[in-house]
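Coordinates in review
One-letter residues, chain by chain:
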Amino acid sequence: MRALVIEHDAITPAGTIGDRLVHHGFELTRLLVVPEERHQTPDVEVDFPAPSGFDLVVSMGAPWSVDAEEEIGTWIGGELALLREAHDSGVPVLGVCFGGQALAAALGGGVERAPRPEIGWVAVETREPRLVESGPWFQYHFDRWVTPPDAVEIARNDVGPQAFRIGRSMAVQFHPEVTVDIVRTWGKSGEKDIRSHGLDPDELVDRTRELAPAAERRAHAFVDAFLRHARLR
């Protein structure tokens with residue numbers, strides 16, 4: 001089986017999600033949208049492949065807003081078209097944070113500013129714990145999605161919706177993929193933002209290290225459950 005993994009920038013890899021897909025025999029095709037040297041000028045030209053050559057499309061996180069086309073450029077329109085085509089043609093999509101917001105926008109929902117940022121380890125209220133456990137899950141976002149009209153919300157918290165499923169596709173607002181190294185990198189990259197919200201990047205890393213064994217198990221269980229939901233296992 002083949003999975004297209006859309007990684008929007010150089011510091012937001014598929015992490016534990018990618019590792020678990022490989023464990024289940026997936027061949028990963030990684031598409032880096034914005035190279036490291038263009039991080040400050042992300043309005044790059046991107047040729048997205050047709051989803052017909054893949055069994056699964058995974059859209060990962062990003063430091064930008066889905067609706068910030070003036071900043072990130074027209075590639076977001078190309079990605080939304082890819083996600084829409086994949087879902088409509090029966091290729092399941094898994095959207096993570098930015099990728100979840102993109103899937104929502106592609107399927108008739110939208111994206112808006114959240115009432116407050118979420119940064120760090122947060123529990124969620126889940127209606128389908130076999131698919132999405134209550135957590136804690138790592139969060140790092142400033143926006144939230146408006147759930148598509150045909151989707152079923154399956155998790156939320158006081159900031160907004162945290163997961164939905166629609167057909168064989170699914171979106172989550174949190175980051176199942178994180179590792180200690182990923183959180184350390186995000187802490188360095190976003191240190192100013194993190195500290196401006198009264199948080200310490202080193203403490204986020206320490207908390208991640210403390211939770212790492214359980215978080216990895218939870219992430220593996222999530223990927224396994226998603227693959228069953230998408231009828232890929």
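Residues numbered from 1 in each chain as written. Predicted model: local features only at pLDDT ≥ 70, side-chain atom pairs only at ≥ 80, totals over all residues. Heavy atoms only, no water.

1. A look at the overall build of the chain
Helices and strands together make up the secondary structure of the chain, namely 7 helices and 10 strands. Against the globule reference of 17 Å for 233 residues, the chain gives a C-alpha radius of gyration of 16 Å, in line with a compact fold. Principal axes of the C-alpha set define a box for the chain whose edges measure 45 × 40 × 35 Å. Of all 233 residues assigned to the chain, the portion counted as buried reaches 55%. Here the contacts in the chain between residues at least 6 apart in sequence split such that 71% fall between residues at least 24 apart. Total accessible area on the chain is roughly 10,200 Å²; 46% of this is exposed by carbon and sulfur atoms. One finds the centroid of the 24 positive side-chain charges in the chain at a distance of 7 Å from the centroid of its 37 negative side-chain charges. (Helix = DSSP H or I, 4+ residues; strand = E, 2+ residues; numbered from the N terminus. Rg over C-alpha atoms; globule rule 2.2 N^0.38 Å. Buried < 20%, exposed > 50% of the residue type's maximum accessible area, 1.4 Å probe, protein only. Contact = heavy atoms within 4.5 Å. Areas by Shrake-Rupley, 256 points an atom, 1.4 Å probe, with all protein chains shown as cover. Lys, Arg positive; Asp, Glu negative; His and termini not counted. Charge placed at Lys NZ, Arg CZ, Asp CG, Glu CD.)

2. Topic: the sheet that holds strand S9 (residues 160–166)
Backbone hydrogen bonds are what pair the strands of a sheet, in a parallel or an antiparallel way. Within the open sheet, the 8 strands sit side by side as S2-S1-S3-S4-S10-S9-S8-S6. Their pairing is mixed. The open sheet is flanked by strand S2 (27–32) and strand S6 (125–126), the only strands paired with a single partner. Strand direction decides the pairing type here: S6 and strand S8 (residues 152–157), joined by 2 bridges, are antiparallel. Within S8, the position partnered with threonine 126 by the bridge is alanine 155. Of the strands in this sheet, strand S3 (56–59), strand S4 (93–96), S9 and strand S10 (169–172) touch helix H4 (residues 98–106), which is tilted by about 125° from S4. Running at roughly 150° to S10, helix H7 (residues 201–229) makes contact with S3, S4, S9 and S10 of the sheet. (Pairing = 2+ DSSP bridges. Axes fitted to C-alpha atoms, helices over the stretch in contact; angles between N-to-C directions.)

3. Re the side chain of glutamine 101
Along the chain, glutamine 101 falls in helix H4. In contact with glutamine 101, not counting residues within four places along its chain, are Val66, Val111, Asp143, Arg144, Trp145 and Gln173.

4. What about the pairing of S2?
In the sheet, strand S1 (residues 2–7) pairs with S2 via 6 bridges, with the strands oriented parallel. The residue of S2 that forms the bridge with alanine 3 is leucine 28. The parallel pair S1 and S2 is bridged by helix H1 (residues 15–23), and the resulting crossover is right-handed. (Right-handed = clockwise from strand over helix to strand, strands pointing away.)

5. A look at the side chain of aspartate 143
Looking at where aspartate 143 falls in the secondary structure, it is placed in strand S7 (residues 137–146). For aspartate 143, a relative accessible area of 6% corresponds to the buried category. Separated by 2.9 Å, the side chains of aspartate 143 and arginine 113 make a polar contact. The contact partners of aspartate 143, leaving out residues within four places of it in the chain, are Ser65, Gln101, Val111, Glu112, Arg113, Ala114 and Gln173. (Polar contact = N/O pair within 3.5 Å; in protein donor to acceptor, adjacent residues only side chain to side chain.)

6. Description of the environment of proline 213
For proline 213, the location among the structural elements is in helix H7. For the pair formed by proline 213 and methionine 60, sequence separation is 153 residues and the distance between their alpha carbons is 22 Å.

7. Overview of the packing of aromatic side chains
Under the defined criterion, the tally for this structure stands at 10 aromatic pairs. Ring geometry for tryptophan 145 versus phenylalanine 164: centroids 5.1 Å apart, planes at 85°, classification edge-to-face. One end of the pair, tryptophan 145, is in strand S7; the other, phenylalanine 164, is in strand S9, and 19 residues separate them in sequence. Each member of the pair, tryptophan 145 together with phenylalanine 164, is buried. (Phe/Tyr/Trp six-rings, centres within 6.5 Å; stacked < 30°, edge-to-face > 60°.)

8. Remarks on the nonpolar core
Core analysis: the largest hydrophobic core is formed by 34 residues, its most contacted members being Phe48, Val57, Trp75 and Phe164. Elements that contribute at least two residues to this core include exactly S1, helix H3 (75–88), H4 and S9. Of the residues forming this core, the biggest block, 6 residues, is contributed by H3. For tryptophan 75, the contacting residues outside a window of four places in its chain are His8, Val33, Val34, Pro42, Val44, Val46, Phe48, Trp64 and Phe98. In terms of nonpolar packing, the next biggest core, distinct from the first, is built from 30 residues, Met60, Val96, Val132 and Val223 among them. (Core = buried A, V, L, I, M, F, W, Y, C linked by side-chain atoms within 4.5 Å.)

9. Some remarks on the environment of alanine 214
Take alanine 214: it is sitting in helix H7. Classification of alanine 214 by relative accessible area gives partly exposed; the value is 33%. Separated by 79 residues in sequence, alanine 214 and glycine 135 place their C-alpha atoms 9.5 Å apart.

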